[in-house]
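Overview (structure and organization)
Residues per chain, in single letters:
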Amino acid sequence: MKIYRINGGESLKGHVYISGAKNAALPILAATILTDETITLENVPKVNDTIIMVETLEKLGAQVEYLDDNTLKINTSTINKYAVENPSIKKIRASYYFAGALLGRYHQARVPLPGGCNIGGRGLDMHEKGFESLGADVKITESEIIVDGESWPLSGARIYMDKVSVGATINIMLAAVLTPGKTIIEGAAKEPHVVDVANFINGIGGHITGAGTDKIRINGVPALKGGTYAVIPDQIEAGTFMMAAAITHGDVVVDNVIPTHLDSISSKLKEMGCRIEESDESVRVIGPQGQLRRTQVKTLPYPGFPTDMQPQISVALGLADGCSTVVESIFDNRFMYVNELKKMGCNIVVDECTTAYIEGVDYYQGANMTSPDLRAGAALVLAALAAKGQSDIDGIEYIERGYENFDTKLRALGANIEKLEV
Ligand code: EPZ
């Protein structure tokens, strides 16, 4: 088993280079299925989730070559199966993107039900509704999503989303790009990765407008071309390092970011007493000399405060100067880390799984903890960096699903963190 051993108390200082966005790279990897021509993808983070997506493309018959750790050359014209059979794919949520991409390109797909972090009920009804609106038959069994677009010709449709869903918005885009006619998604998610997928598809000949607003229009095209595309920087990795600077009272320049994607995070950090300096492609976070200030947070779809930053900000507020409230409005089980955090002396109570009341304490004490999911695991690392004494964190395979070289990047900022095999 691998663990992180952290000796807390160092203020993080220096520059950190942010990797490509995992949640953009995953659907873009699936979207390469939509063209027979060769795609070169740059800035793909080499994390466990993208590695599983690549393996799955290969198992479907695609040719994939790593030109370096973060650059992939992909040709999917040799795909000869529409059933995804990689057992590892069950571990990740993004497996559902194979359903949209295979439906769009080959009019049929069988994909194991998605796994991923256990952060609450994660339905598929919006995906199902989208595919059915385009004319596909959809069956969700105990183990699989089966999509059949052969019986009826697929055609563009107007789809009203009942919930804002990143995954369903992107999946409908993937299914509709090559579908004749006009598809309109009303109530679409506006996250930066939704826009990135649309930009990638448009770059190879697709016709998508309105990505980044709540109404996306897709005009079906007969075929897509090849090309080269660089994935956007990871908003959540950047936010995590910003929070690491704040909680350790450090001074960190977070490089290779799109600062507007970080506005909701920067704004909370200012309320908490940090100084934020933005440049074109970087954000500097200077933590306060004294205690962080308390604040109120509610997670919301973009451009609101991201649910994927909720554990990290909660951990920082555990060291603030009073009582803070954090409301989780996207997922219903995203406070799984709270019992672990209490081992460090954090004074936090969660009501109805949705609201955390946090009374700041002067310091955390190092403890042995288990990472329950990806972002919660990263948050426990931040808590340990700020704590007195030593912490061991296991379950780091979750963290490595989404953060590229997390411990190496933290060490370069002065953190005392080691990855050990125990
Ligand atoms: C994506 O998950 C991300 N995952 C998540 O990142 C992120 O937390 C989430 O979007 C919200 O930003 C990937 O991109 C792979 P949703 P997704 O569909 O697409 C409900 C991380 O840490 N819903 O926007 O699965 C759902 O239950 C991960 O990197 C339905 O009810 O999220 C949730 O309450 C974790 N029916 C809400 O909508 C549906 O058909 C938002 O989910 C779809 C969603």
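Everything below is about the structure shown above.
I will try to describe carefully the structure that is included in this document. These figures come from a predicted structure and were not determined experimentally.

What counts as what
- Residues numbered from 1 in each chain as written.
- Predicted model: local features only at pLDDT ≥ 70, side-chain atom pairs only at ≥ 80, totals over all residues.
- Heavy atoms only, no water.
- Core = buried A, V, L, I, M, F, W, Y, C linked by side-chain atoms within 4.5 Å.
- Buried < 20%, exposed > 50% of the residue type's maximum accessible area, 1.4 Å probe, protein only.
- Helix = DSSP H or I, 4+ residues; strand = E, 2+ residues; numbered from the N terminus.
- Contact = heavy atoms within 4.5 Å.
- Pairing = 2+ DSSP bridges.
- Axes fitted to C-alpha atoms, helices over the stretch in contact; angles between N-to-C directions.
- 1 Å grid on protein atoms, 1.4 Å probe; cavity = no way out; pocket = protein on both sides within 12 Å on 5 of 7 lines; lining within 4 Å.
- Points joined across faces, edges and corners; volume = space filled by probe spheres on them.
- Nonpolar A, V, L, I, M, F, W, Y, C, P; charged D, E, K, R; others polar.
- Domains from an automatic or database assignment.

1. Looking at the nonpolar core
Of all hydrophobic cores here, the largest spans 75 residues; its most connected members are Ile 33, Leu 41, Met 53, Phe 98, Val 147, Leu 174 and Phe 200. Top element by residues in this core is helix α3 (residues 96–106). It accounts for 8 residues. Sequence-distant contacts of Ile 33, that is, excluding residues within four places in its chain, are made with Leu 57, Leu 60, Thr 76, Ile 79, Phe 98, Ala 101, Leu 102, Arg 105 and Tyr 106. Residues Val 16, Cys 274, Ala 320 and Leu 410 belong to the second largest nonpolar core, which totals 72 residues.

2. Notes on the sheet that holds strand β7 (residues 137–140)
With respect to topology, 3 strands assemble into an open sheet ordered β6-β8-β7, the strand pairing being antiparallel. Two strands lie at the open edges of the sheet, namely β6 (108–112) and β7, each paired on one side alone. Mean inter-strand twist for the sheet, computed between neighbouring axes without regard to direction, equals 10 degrees. As paired strands, β6 and strand β8 (residues 144–148) are joined by 5 bridges and run antiparallel to one another. Paired with Gln 108 across the two strands is Asp 148, which belongs to β8.

3. Quick notes on the layout of surface pockets
Take a probe with the size of a water molecule and roll it over the atoms, and the empty space left behind shows itself. There is about 960 Å³ of room inside the largest pocket. Lining the largest pocket are 41 residues, and of these Tyr 96, Arg 122, Val 166, Gly 167 and Phe 331 lie nearest its centre. At the level of elements, α1 (22–31), α3, α4 (125–133), α5 (166–176), α7 (235–247) and α11 (374–386) are the ones that each hand at least two residues to the lining of the largest pocket. When residues of the lining of the largest pocket are assigned to their parent elements, the largest contribution, 4 residues, is made by α1. Along the lines of polarity and charge, the residues of the lining of the largest pocket split into 19 nonpolar, 11 polar and 11 charged. Formed jointly, the lining of the largest pocket draws a minimum of three residues from each of two domains, domain 1 (2–19 + 234–421) and domain 2 (22–230).

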